[in-house]
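One letter stands for each residue in the lines below.
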Amino acid sequence: AKAAKSFMDAINLATTTVTVGPGEYVNQEHSVEEITQSKALMICNKPLRIESSDGCENTIINCDGEGGVVIKHKDAVFTGFTLTNFAVSVKSPALYLKNGLASNLVINCYNDAKGSYDQHVYIAVVCTELTDSIICGNNKPYFNEYTYVMNATLKRVKFINNKSKYTIVRFGNGATTVRSKLYDCEFINNSVDAKSRGLFTIYQYDPGADMYRCKFIGNTVSDGPIMSFNNHTVNHCIFADNNCKDL
């Protein structure tokens, strides 16, 4: 079999599975996604399972200050990686889930992410599912919004020690009537600086989100609520030790 020299080489050669061994991957070749024209290390539009052999703690993808992973096929799976040192922008996030499933990830920029005040998204989850992952320690002051969610499901995702200018999670852009779902997610020790925004923000015309058994502990929102707008439903969730104006 022909040896893959890059992530995209492996994806192009594979028919069912791409397995990545342990180590930190740096200075990898980036490709250009044809729609957004953004750079990414992986662009998957095939029904592949992209997995690490030794788990996210032992398999680190250094994005070298550019975009990370784009998953576009409805049957693709991306699991078992740490993503770090990524760009922060709408067109080139660390992880863009347009379709498929992602799980068992750690997303932490280690304070090295590139960006400016008009760049704001490091994860986009659209019409798909993110599970069993940790989003932690992202705290550059120019991060306006961290995670963009539209018509998607998050299960057992932990947001820990993130800091944002405006909000941690923004739901939708008004282009869907389907509500997002959060199950057993945790929001621990995150902070938002700006006034009148919350830990969660819903775009004006988005249908909102339903949350089940989620935990909100030790978060700080300067002069604002945990949640902005009234489109959320909260079911058997825990709120404790949060420093905010109200829920």
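Residues numbered from 1 in each chain as written. Predicted model: local features only at pLDDT ≥ 70, side-chain atom pairs only at ≥ 80, totals over all residues. Heavy atoms only, no water.

## A closer look at the pattern of salt bridges
Enumeration over the complete set of coordinates arrives at seven salt bridges. For Glu 51, the salt bridge goes to Arg 49, with nearest N and O atoms at 2.6 Å. Given the relative accessible area of 38%, Arg 49 is considered partly exposed. Sharing partners across several salt bridges, the network here consists of Arg 179, Lys 181 and Asp 210. (Salt bridge = Lys/Arg side-chain N within 4 Å of Asp/Glu carboxyl O. Buried < 20%, exposed > 50% of the residue type's maximum accessible area, 1.4 Å probe, protein only.)

## Observations regarding the environment of Asp 75
Take Asp 75: it is sitting in the loop between strand 8 (69-71) and strand 9 (77-84). It is 7.6 Å that separates the C-alpha atoms of Asp 75 and Leu 101, two residues lying 26 residues apart in sequence. For Asp 75, the residues in contact, after removing those within four places along its chain, are Pro 47 and Leu 48. A distance of 3.0 Å separates a polar atom in the side chain of Asp 75 from a polar atom in the side chain of Lys 74. (Helix = DSSP H or I, 4+ residues; strand = E, 2+ residues; numbered from the N terminus. Contact = heavy atoms within 4.5 Å. Polar contact = N/O pair within 3.5 Å; in protein donor to acceptor, adjacent residues only side chain to side chain.)

## Remarks on the environment of Ile 188
Structurally, the position occupied by Ile 188 is in strand 21 (residues 186-188). We classify Ile 188 as buried; its relative accessible area is 18%. Put simply, Ile 188 and Phe 216 are 28 residues apart on the chain and 6.1 Å apart in space, counted from C-alpha to C-alpha. Setting aside its immediate chain neighbours within four residues, Ile 188 contacts Phe 159, Ile 160, Asn 161, Ile 217 and Asn 219.

## What about the sheet that holds strand 18 (residues 163-164)?
Reading across from one edge, 18-22-26 is the order of the three strands in this open sheet, with parallel pairing throughout. Since the sheet does not close on itself, it has two edges, and those belong to strand 18 and strand 26 (220-221), each with one partner. (Pairing = 2+ DSSP bridges.)

## Here we look at the packing of aromatic side chains
This structure, assessed with the given rule, holds six aromatic pairs. Ring geometry for Phe 7 and Tyr 25: centres 5.5 Å apart, planes at 55 degrees, overall tilted. Of this pair, Phe 7 sits in helix 1 (residues 7-13) while Tyr 25 sits in strand 2 (residues 23-25), placing them 18 residues apart in sequence. Phe 7 gets classed as buried once you look at its relative accessible area, which sits at 8%. For Tyr 25, a relative accessible area of 22% corresponds to the partly exposed category. Measuring from centroid to centroid gives 4.7 Å for Phe 159 and Phe 187, while their planes differ by 10 degrees, and the two rings are stacked. (Phe/Tyr/Trp six-rings, centres within 6.5 Å; stacked < 30°, edge-to-face > 60°.)

## What about the nonpolar core?
With 57 residues, the main nonpolar core has Phe 78, Leu 95, Leu 182, Phe 200 and Phe 216 as its most contacted residues. Per-element tally for this core: the top contributor is helix 1, with four residues. Not counting chain neighbours up to four residues away, the residues in contact with Phe 216 comprise Phe 187, Leu 199, Phe 200, Met 211, Ile 226, Met 227, Cys 237, Ile 238, Phe 239, Ala 240 and Asn 242. (Core = buried A, V, L, I, M, F, W, Y, C linked by side-chain atoms within 4.5 Å.)

## Re the confidence of the model for the chain
Model confidence for the chain is summarised by a mean pLDDT of 81, while 79% of its residues fall at 70 or above. In the model of the chain, strand 23 (residues 200-202) stands out as the element of lowest mean pLDDT, 66, in contrast to strand 6 (residues 49-52), which has the highest, 97. (pLDDT = per-residue confidence, 0-100.)

## What to know about the side chain of Ser 31
Checked against the element boundaries, Ser 31 lands in strand 3 (residues 31-32). Those residues in contact with Ser 31 that sit more than four places away from it in its chain are Met 8, Ser 38, Lys 39, Ala 40 and Ile 43.

## Quick notes on the pairing of strand 24 (residues 209-212)
Bridge analysis of strand 20 (residues 180-183) against strand 24 gives four bridges, and the strand direction is parallel. Across the sheet, Tyr 183 pairs through a bridge with Tyr 212, a residue of strand 24. In the sheet, strand 24 pairs with strand 27 (residues 233-235) via three bridges, with the strands oriented parallel. By the bridge assignment, Met 211 is partnered in strand 27 with Val 234.

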